[in-house]
Amino acid sequence: MEIKNEAILVMDFGGQYTQLIARRVRECNVYCEIKSYKITADEIREKGYKGIIFTGGPNSAYDANGPKCDPKLFELGIPVLGICYGAQLMAETLGGKVIGIEENREYGKTEIEVNPSSLMFHNAQPKNICWMSHTDRIEEVPHGFKITAISKDCPVAAMEDIQRNFFAVQFHPEVQHTVEGPLYLRNFLYNACGCTADWKMDSFVSDTIAYLKEKIGDKKVLCALSGGVDSSVAALLVHKAVGKQLTCIFVDHGLLRKDEGDQVESVFKEQFDMNLIRVNAQDRFLTKLAGVSEPERKRKIIGEEFIRVFEEESQKLGKMEYLCQGTIYPDVVESGVGESAVIKSHHNVGGLPEDVGFEGIIEPLRDLFKDEVRKAGLELGIPEFLVYRQPFPGPGLAIRIMGDITQEKLEILKDADAIMREEFANNGLDREVNQYFAVMTGIKSVGVMGDGRTYDNTIALRAVTTSDFMTADWARIPYDVLEKISNRIINEVKNVNRVVYDITSKPPATIEWE
Ligand code: XMP
């Protein structure tokens, strides 16, 4: 979907902050795309990027086997900013020298002294804190470059060639610890690249609706709505564009949280007057899952059954030309280097096979990061409780019940989870903690209630803070909140006599228990 006027290219050399760099650029209201370092100078010219940012990466710029850029891109007349490995690569490629550091390696918060008359540090404080993390450094700058920042152990903390518009910083302007990082990035984007900050969510919403209207014409669109923020925003954009030509199928597999199915139905049917079909398929899913304990089998059964139900329902509707999906940018980013190991098959329920006979797929959020999807959702008037909903796995509560799934276990878990969520909201923790939920552990233990012995279920509470869900820390929840949740669960939920709190980070544990 080409509706962007100006774009920055973020060239990925395998650094851990690649997506963060892209998000920071977007926060400056400049659209950007992440591409592998393998992109050629010709492709860059064709795309008409206004500037290029090289990310960091784990390699050494002087290592012949490390990732390199097409050197011809330096002849395109496009401004380039190199960050960390990207800075060293620029130095090495343009005739400077990079060396490994034996002693005094810099890691963490570091004071830098900058030249405020340089372009990169225009209006910056002469001394400030930045985030360093490197084991190599630029020893000699290439011809034409001036040093624009130094630190105690880094003689070239930044350099620039103002004639050719090339800039390099050894530190990471994208991380929060670099105090004036956003200013440095704005200086590059606005003053070097000449970007006009035209990437705004209100214009994204109106441009996308206009684009979809044109593209869809009088054809029909089908969407699998899960009630999660991505599919909700995608569906609503299409609905605003073509109204009742869109039909949404909401498969309620019965593994959703308490009252969730009703909430989704009421928002989309009543508030937005959408064509929504809710399929109550709880019995079907529970029958298929009966006696199944193995987590990956649960996922597989739910994924397959979901597709079956969806297909059956969509066949009743007759021909639909388009399928709308809530794919977002992090799902489509081409990574620069490497592949990570698959720990769990995170197939999303709602992920449909491509051969279901549609003329095309509509993915209005393909270019957006999650925080941008949320902004678009608010712009469209979706209630905050849906827009800020914590992530919820496609297989739902099935992977939060250890062992086999029964109606009774589901009810217990739904009630316990609802209490936890209510108390998190009451105590303002719902926005602070990134994901939190109750788990039916499958453990029974002995307790005493009144004067009698009990032998009942154990509920675990899980709450984590994380920025990317790849690693996570257990949240330090105040004891009085934990106490309140525990008391309420024991008192209000039948057949639970013990509540425990999970204090494991990821790794070594995962966020979900299955
Ligand atoms: P883990 O448990 O792997 O979870 O640390 C990381 C994030 O992914 C979610 N998750 C899933 N999402 N289908 C999904 O759509 C799945 O099968 C699945 N398993 C885990 C989890 O909730 C967390 O946000």
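Since the model is a prediction, treat every value here as computed from it, not as a measurement.

Criteria and cut-off values
Residues numbered from 1 in each chain as written. Predicted model: local features only at pLDDT ≥ 70, side-chain atom pairs only at ≥ 80, totals over all residues. Heavy atoms only, no water. Helix = DSSP H or I, 4+ residues; strand = E, 2+ residues; numbered from the N terminus. Rg over C-alpha atoms; globule rule 2.2 N^0.38 Å. Buried < 20%, exposed > 50% of the residue type's maximum accessible area, 1.4 Å probe, protein only. Contact = heavy atoms within 4.5 Å. Areas by Shrake-Rupley, 256 points an atom, 1.4 Å probe, with all protein chains shown as cover. Lys, Arg positive; Asp, Glu negative; His and termini not counted. Charge placed at Lys NZ, Arg CZ, Asp CG, Glu CD. Expected span 1.5 Å × (residues − 1). Arc of directions from axis to C-beta. Domains from an automatic or database assignment. Buried area = accessible area lost by both parts, 1.4 Å probe. Polar contact = N/O pair within 3.5 Å; in protein donor to acceptor, adjacent residues only side chain to side chain.

A. Here's a closer look at the overall build of the chain. Helix and strand content of the chain: 14 helices and 20 strands. Taking 514 residues into account, the globule formula puts the C-alpha radius of gyration at 24 Å, and the chain, at 26 Å, falls close to it. Taking the principal axes of its C-alpha atoms as reference, the chain extends roughly 80 × 60 × 40 Å. Burial status across the chain gives 54% buried among its 514 residues. Looking at the chain alone, contacts between residues at least 24 apart form 76% of all its contacts between residues at least 6 apart. Approximately 23200 Å² of the chain is accessible, and the part contributed by carbon and sulfur atoms is 47%. Seen as two clouds, the 60 positive and the 78 negative side-chain charges of the chain have centres 2 Å apart.

B. Seen up close, helix α7 (residues 260–271). Spanning 12 residues, α7 covers 16 Å between terminal C-alpha atoms, matching the ideal 16 Å at 1.5 Å per step. Among the residues of α7, those classed as buried are E260, G261, V264, V267 and F268. The arc that holds every buried residue of α7, seen down its axis, measures 140°, which confines them to one face. D273 sits one or two residues past α7 and shows a positive phi near 55°.

C. Spatial organisation of the domain arrangement of the chain. According to the domain assignment, the chain consists of domain 1 (8–192), domain 2 (201–387) and domain 3 (406–501). In this structure, domain 2 and domain 3 have C-alpha centres spaced 29 Å apart. The interface is formed by 8 residues belonging to domain 2 together with 8 residues belonging to domain 3. A combined buried area of about 710 Å² lies between domain 2 and domain 3, and 48% of that area is made up of carbon and sulfur atoms.

D. Highlighting the side chain of E363. As for its placement among the helices and strands, E363 is situated in the loop between β16 (360–362) and α11 (370–379). Within the structure, the side chain of E363 is placed 2.7 Å from the side chain of R366, a separation counted as a polar contact.

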